[in-house]
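Residue strings, one per chain:
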Amino acid sequence: MSDARELDLVVFGATGFTGRLTAEYLARHAPTGLRWALAGRNPDKLDAVRQHLRGIDPAHGDLALVHADVDDPASLRAVAERTRVVITTVGPYLTHGEPLVAACAEAGTDYVDLTGEPEFVDRMWLAHHATAEASGARIVHACGFDSVPHDLGVLYTVQQLRAEGPVTVRGVVRASGMFSGGTFHSAMTAMSRAKQMREASGARRRAEPRPEGRRARAVTGKPHRDGRLGFWLLPLPTIDPLVVARSAAARDDYGPDFRYSHYAGTKSLPYAVGGAVGVSALAASAQVGPVRRLLLSRVKQGQGPDERRRERSWFTVDLVGEGDGRSIHTRVSGGDPGYGETAKMLAESALCLLFDDNPATSGQVTTAQAMGENLTARLQAAGIRFEVVGQGGE
């Protein structure tokens, strides 16, 4: 993309909880000379964020403030046409996300978000993938804890295993942290739309080409105890396995026949049972309109855990890859998964699209497909660990 555009990067939603953290990360770590701006619909709140960033670095006192409103498509088109990359933290994405995706696809502008909503991702592929392919835009969803550690962790595992035949990988996530109001609203919205999610998924499967001569798929496992990892495993129906499977379909180095299964891990059976019951109860509540609205009214968007709580939070994603009679155990780990590390992943994804020598891609693409090893290296340099824990077999 031409450097003739006025801006390199715009953070849309900078006045929200995660958007503000992302702006803070950029204020501390963005390269000198980055031309970036804050975007949103409330100029006073934007200015307050800019003044906060000025306290981190006085140079940020002159950051541009850009009007952008999800209910004003013209304002979103203007943002997309001014910049090379847009970061958006404005969710739930099913409710608020499509106008900005459409604007970026039309303008040839790279786009990154934090969505964990499978229906939204599938609907955006159906509606805007072809336009983005033609314009050269890279539309990269799920650039936070959903789904960077899992997507890049599986890529790292496959590359360490170096199998030539079929490969299976299981991922096991464990975390300590709290969600923000925006995350809760997005999750409840997604869980309330099971039928629509199936319809969007089916429409995409019928329309999306499959890799020739290869297979790549996510498979649902069963609850069990993993003797190698020492955890009780519960299948985790998140967007992560879908993202991993799409990366595997796009990249030949995942082998001729790739399967991925995705779990939450706990140390004891009672915790596993309790977690399953809690998720089931929340999903059931999401189906009942009055109950869902009551729960959403109790949790405000734009709020999240304080800094002390975030400093105590952590995550691990253990991955076991098997192929050619060998196995490997890798791990991706870091601090606060939902906010501190998510802001880091989102910002570094945008910087990677801007500055790194990535594969030539366009349209809706995954982090492993669009940035792969370059983004992994950035995250390692920023303190997120990718490591080999053990190996077995030949």
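If you're wondering where the values come from, they're calculated on a predicted model, not measured in any experiment.

Concerning the overall build of the protein chain
And step 1. A tally of regular secondary structure across the protein chain gives 16 helices and 15 strands.
And step 2. For the protein chain, the residues scored as buried account for 51% of the 394 residues in total.
And step 3. Accessible area of the protein chain: about 17400 Å², with a carbon and sulfur share of 50%.

A word on the nonpolar core
And step 1. The biggest cluster of nonpolar side chains holds 88 residues, and the ones touching the most others in it are Leu9, Phe12, Trp36, Leu38, Val154 and Phe258.
And step 2. Tallying contributions element by element places helix α14 (residues 340-355) first for this core, with eight residues.
And step 3. With six residues, the next largest nonpolar core counts Leu229, Leu233, Tyr263 and Val320 among its residues.

Things to note about the packing of aromatic side chains
And step 1. As enumerated under the stated definition, the model contains five aromatic pairs in all.
And step 2. Considering the side-chain rings of Phe17 and Tyr339, the 5.4 Å spacing of their centres and the 80° angle between planes classify their relative orientation as edge-to-face. Taken together, the residues Phe17 in helix α1 (residues 17-29) and Tyr339 in the loop between β13 (326-334) and α14 connect sequence positions 322 residues apart.
And step 3. On the basis of relative accessible area, Phe17 is assigned to the buried category, the value being 17%.

Things to note about unusual backbone geometry
And step 1. The omega torsion of the bond from Gly91 to Pro92 falls at 0°, within 30 degrees of zero and hence cis.
And step 2. Following the sequence through the fold, Pro92 ends up in the loop between β4 (83-88) and α4 (93-96).
And step 3. Residues Asp146 and Ser147 are joined by a peptide bond in cis, for which omega reads 5°.
And step 4. Position of Ser147 relative to the elements: it lies in the loop between β6 (138-140) and α7 (148-161).
And step 5. Not every positive phi belongs to a glycine, and Ala142 is a case in point at roughly 55°.
And step 6. Checked against the element boundaries, Ala142 lands in the loop between β6 and α7.
And step 7. One non-glycine residue with positive phi stands out, namely Asp324, at about 55°.
And step 8. Looking at the secondary structure, you find Asp324 in the loop between β12 (314-323) and β13.

A look at the pairing of β12
And step 1. Counting buried positions along β12 yields eight of 10 residues, so the element is predominantly enclosed.
And step 2. Of the pairings in the sheet, the one linking strand β7 (residues 167-176) to β12 comprises nine bridges and is antiparallel in character. Looking at β12, one finds that Val172 is bridged to Asp318.
And step 3. Note that β12 and β13 share nine bridges and pair antiparallel. Bridge pairing in β13 places Asp318 opposite Arg331.

Details of helix α10 (residues 240-250)
In an α-helix there are 3.6 residues to a turn, and that puts residues three or four apart on one side.
And step 1. Turning to α10, its buried residues are Asp240, Pro241, Val243, Val244, Ala245, Ser247 and Ala248.
And step 2. Residues of α10 that are buried make contact with α7, β8 (215-218), β11 (257-266) and α15 (367-370).

A short note on the pattern of salt bridges
And step 1. Inspection of the entire model under this criterion finds 23 salt bridges.
And step 2. Asp122 is paired through a salt bridge with Arg246; the nearest N and O atoms lie 2.9 Å apart. Residue Asp122 is located in helix α6 (residues 118-135), and its partner Arg246 is located in helix α10; the two are separated by 124 residues in the primary sequence.
And step 3. For Asp122, a relative accessible area of 2% gives the class buried.
And step 4. A salt bridge links Arg251 to Glu373; the nearest nitrogen and oxygen atoms lie 2.9 Å apart. Here Glu373 lies in helix α16 (residues 372-381) and Arg251 lies in the loop between α10 and β11, a separation of 122 residues in the sequence.
And step 5. What makes Arg251 buried here is its relative accessible area of 14%.
And step 6. Through salt bridges with shared partners, a single ionic network connects Asp122, Arg204, Glu208 and Arg246.

Some points on α6
And step 1. In a regular helix each residue adds 1.5 Å, so 18 residues correspond to 26 Å; α6 covers 24 Å between its end C-alpha atoms and thus fits that length.
And step 2. Taken as a whole, α6 carries its principal kink of about 55° at His128.
And step 3. Those residues of α6 lying buried are Pro118, Glu119, Phe120, Val121, Asp122, Met124, Trp125, His128, His129 and Ala132.

Quick look at the pairing of strand β3 (residues 64-67)
And step 1. Judged from the four bridges that link them, strand β2 (residues 36-40) and β3 form a sheet pairing that is parallel. Bridge assignment links Leu38 to a residue of β3, and that residue is Leu65.

Considerations on the side chain of Gln364
And step 1. Mapping Gln364 onto the fold places it in strand β14 (residues 363-364).
And step 2. On the basis of relative accessibility, which here comes to 11%, the residue Gln364 falls in the buried class.
And step 3. Of the polar contacts made by the side chain of Gln364, one reaches the backbone oxygen of Val121; its length is 3.0 Å.
And step 4. Polar contacts involving the side chain of Gln364 include one to the side chain of Arg204, which spans 3.1 Å.
And step 5. Among all residues touching Gln364, those that are not within four sequence positions of it are Val121, Met124, Trp125, His129, Ile139, His141 and Arg204.

Observations regarding the environment of Gln196
And step 1. In this fold, Gln196 is placed in helix α9 (residues 194-207).
And step 2. Remark: the alpha-carbon pair of Gln196 and Glu119, spanning 77 residues in sequence, is separated by 7.2 Å.
And step 3. For Gln196, the contacting residues outside a window of four places in its chain are Glu119 and Arg123.

Definitions and cut-offs
Residues numbered from 1 in each chain as written. Predicted model: local features only at pLDDT ≥ 70, side-chain atom pairs only at ≥ 80, totals over all residues. Heavy atoms only, no water. Helix = DSSP H or I, 4+ residues; strand = E, 2+ residues; numbered from the N terminus. Buried < 20%, exposed > 50% of the residue type's maximum accessible area, 1.4 Å probe, protein only. Areas by Shrake-Rupley, 256 points an atom, 1.4 Å probe, with all protein chains shown as cover. Core = buried A, V, L, I, M, F, W, Y, C linked by side-chain atoms within 4.5 Å. Phe/Tyr/Trp six-rings, centres within 6.5 Å; stacked < 30°, edge-to-face > 60°. Pairing = 2+ DSSP bridges. Contact = heavy atoms within 4.5 Å. Salt bridge = Lys/Arg side-chain N within 4 Å of Asp/Glu carboxyl O. Expected span 1.5 Å × (residues − 1). Bend = angle between axes of the 7 residues up to and from the residue. Polar contact = N/O pair within 3.5 Å; in protein donor to acceptor, adjacent residues only side chain to side chain.

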